Amino acid sequence: QVQLAESGGGLVQAGGSLRLSCAASGRTFSNYGVVWFRQAPGKEREFVAACDWSGGATSAADFVKGRFTISRDNAKNRVDLQMNSLKPEDTAVYYCAAADDGSVVGGTPGLYDYWGQGTQVTVSV
């Protein structure tokens with residue numbers, strides 16, 4: 001199986017940017033579809049963005065389109081989430097997850113088999 005570790009979270013002012021990374025170890029990372037979810041206190045986990053095994057197929061939630069971009073570098077075993085124009089409502093713990101099915105780009109948590117521990121993103125006004 002694959003192990004995932006997120007990094008890059010932190011505190012940023014509204015309008016600022018952060019780049020989250022999801023580093024993978026274990027098995028061949030290029031086999032997996034990868035997704036970013038987030039969960040704010042008292043709220044359900046919600047889909048942010050996903051990409052297939054190649055990075056050629058992506059999907060994103062409407063609320064991040066034009067602001068967040070998902071990308072992957074299989075040679076580095078990494079998937080990044082570039083977040084621009086951050087808003088206070090983007091404050092959450094961000095998780096990456098991977099699916100054994102490399103074609104998966106869906107937003108349903110049950111599609112994904114492996115999860116990281118999450119990284120906190122806090123956006124101040």
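To start, this report covers the structure provided alongside it. In this text, all values refer to a predicted model and were calculated from it rather than measured experimentally. (Residues numbered from 1 in each chain as written. Predicted model: local features only at pLDDT ≥ 70, side-chain atom pairs only at ≥ 80, totals over all residues. Heavy atoms only, no water.)

1. What to know about the overall build of the protein chain
- Across its full length, the protein chain holds 0 helices and 11 strands.
- A compact globule built from 125 residues should have a C-alpha radius of gyration of about 14 Å, and the protein chain, at 13 Å, falls within 12% of that.
- Evaluated residue by residue, the protein chain yields a buried proportion of 42% over its 125 residues.
- Looking at the protein chain alone, contacts between residues at least 24 apart form 60% of all its contacts between residues at least 6 apart.
- Split by element, the accessible area of the protein chain, about 6,000 Å² in all, is 47% carbon and sulfur.
- Distance between charge centres in the protein chain, computed from 11 positive and 12 negative side chains, equals 5 Å. (Helix = DSSP H or I, 4+ residues; strand = E, 2+ residues; numbered from the N terminus. Rg over C-alpha atoms; globule rule 2.2 N^0.38 Å. Buried < 20%, exposed > 50% of the residue type's maximum accessible area, 1.4 Å probe, protein only. Contact = heavy atoms within 4.5 Å. Areas by Shrake-Rupley, 256 points an atom, 1.4 Å probe, with all protein chains shown as cover. Lys, Arg positive; Asp, Glu negative; His and termini not counted. Charge placed at Lys NZ, Arg CZ, Asp CG, Glu CD.)

2. Brief notes about the pairing of strand S1 (residues 3-7)
- What you see with S1 is a clean split: Leu4 and Glu6 sit on the buried side and Gln3, Ala5 and Ser7 on the side with no burial.
- Sheet topology places S1 next to strand S3 (residues 18-25); 5 bridges connect them, and they run antiparallel. For Gln3, the partnering residue across the bridge sits in S3 and is Ser25. (Pairing = 2+ DSSP bridges.)

3. Here we look at the state of the cysteines
- Under the definition given, this model contains 1 disulfide.
- Covalent S-S linkage joins Cys22 and Cys96, the inter-sulfur distance amounting to 2.1 Å. One disulfide, between Cys22 and Cys96, carries an S-S torsion of 65° and so falls in the right-handed class. Remark: Cys96 occurs in strand S9 (residues 92-99) and Cys22 occurs in strand S3; sequence separation between them is 74 residues. This pair shows no difference in class: Cys22 is buried, exactly as Cys96 is.
- As a non-bridged cysteine, Cys51 has Cys22 as the owner of its nearest cysteine sulfur, 9.4 Å distant. (Disulfide = S-S within 2.5 Å.)

4. Looking at the pattern of salt bridges
- Within this structure, the stated rule accounts for 6 salt bridges.
- Linking Arg38 and Asp90 is a salt bridge whose minimum nitrogen-to-oxygen distance equals 2.8 Å. Highlighted residues: Arg38 in strand S4 (residues 33-39) and Asp90 in the loop between strand S8 (78-83) and S9, separated in sequence by 52 residues.
- Take Asp90: its relative accessible area is 1%, and that puts it in the buried class.
- In this structure, the salt-bridge partner of Arg67 is Asp90, at a minimum N-O distance of 2.7 Å. One end of the pair, Arg67, is in the loop between strand S6 (58-60) and strand S7 (68-73); the other, Asp90, is in the loop between S8 and S9, with 23 residues separating them in the sequence. (Salt bridge = Lys/Arg side-chain N within 4 Å of Asp/Glu carboxyl O.)

Remember that the coordinates give geometry; whether it matters functionally is a separate question.
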